Amino acid sequence: MLKDQVKELLVQQVNKEFYSAYLYLNFANFYQSKGLAGFANWYQVQAQEERDHAMLFNQYLLNNNAVVTLDAIDKPDTTLETLMDPLKAGLAHEEYVTSLIYNLYATAQDVRDFRTMQFLDWFVKEQGEEESNAHDLITRMELFGSDPKGLYMLDSELKTRVYAAPSLVL
Ligand code: FEO
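Residues numbered from 1 in each chain as written. Predicted model: local features only at pLDDT ≥ 70, side-chain atom pairs only at ≥ 80, totals over all residues. Heavy atoms only, no water.

S.K.: Would you take a moment to explain the overall build of the chain for this structure?
M.R.: Per the secondary structure count, the chain includes 5 helices and 0 strands. Its C-alpha atoms put the chain at 55 × 25 × 25 Å along the principal axes. Across the 170 residues in the chain, those meeting the buried criterion constitute 48%. For the chain, contacts bridging at least 24 residues in sequence account for 82% of all contacts bridging at least 6. When the accessible surface of the chain is totalled, it reaches about 9,400 Å², and 53% of it is carbon and sulfur. Across the chain, the mean location of the 14 positive side-chain charges is 3 Å away from that of the 25 negative side-chain charges. (Helix = DSSP H or I, 4+ residues; strand = E, 2+ residues; numbered from the N terminus. Buried < 20%, exposed > 50% of the residue type's maximum accessible area, 1.4 Å probe, protein only. Contact = heavy atoms within 4.5 Å. Areas by Shrake-Rupley, 256 points an atom, 1.4 Å probe, with all protein chains shown as cover. Lys, Arg positive; Asp, Glu negative; His and termini not counted. Charge placed at Lys NZ, Arg CZ, Asp CG, Glu CD.)

Right under this line is the structure:
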């Protein structure tokens, strides 16, 4: 049985992960409008992963007999102008999500909810990978983005990213 404070944060996290998917879909649409189909693909895949995260939190709640009532998803609030804007906003967003996961973990720890801590372990690792990917994209954009050929090559590489279902199965 989940404690109220843990359950509340888990339900909020469903919303935050769907918001992440929405945010990244907005990034994908921005890049598509700029003719960068590879960047658009990368963020479309990212949006799919975020939707998976939302579904995993939802399923974990259901598996623990929680009644889940969903809230409205916010409008993506990022103003996008330069090609670098989504990349920087993406990193800032992932750092924010990491702080949410850590807060959830600390709350679960406070009430000795070891099952939720174990569930969250996968997300702690995932956040490390997502922050690293976001850093990497910024670095490569700084290195190659101002050169048209470099940008073309980077876009071509990002076009090859394919969606894979999450390794966590509930
Ligand atoms: Fe689901 Fe990118 O955090």
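Next, the rest of the story.
S.K.: I keep staring at the pattern of salt bridges and nothing clicks. Help me out?
M.R.: Between side chains of opposite charge, a pair can form when the charged atoms approach closely. Throughout the structure, instances matching the rule amount to 5 salt bridges. We note a salt bridge from R161 to E49, for which the minimum N-O separation is 3.2 Å. With a gap of 112 residues between them, R161 in the segment after helix 5 (148–158) and E49 in helix 2 (residues 37–63) connect regions that are remote in the sequence. For E129, the salt bridge is made with K125, and the minimal N-O distance between the two is 3.5 Å. Of this pair, E129 and K125 both sit in helix 4 (residues 114–144), 4 residues apart, which is roughly one turn of the helix. Residues joined in a network through salt bridges with shared partners are D136, R140 and E157. (Salt bridge = Lys/Arg side-chain N within 4 Å of Asp/Glu carboxyl O.)

S.K.: I would appreciate a short explanation of helix 5 in the present structure.
M.R.: Given 3.6 residues per turn, any residue in an α-helix points the same way as the ones three and four places further on. Turning to helix 5, its buried residues are G150, L151, L154, D155 and L158. Projected down its long axis, helix 5 shows its buried positions confined to an angular sector of 135 degrees, all on one face. Facing away from the buried side of helix 5, by more than 90 degrees, are the exposed residues P148, K149, Y152 and M153. Here the buried face of helix 5 lies against helix 2 and helix 4. (Arc of directions from axis to C-beta.)

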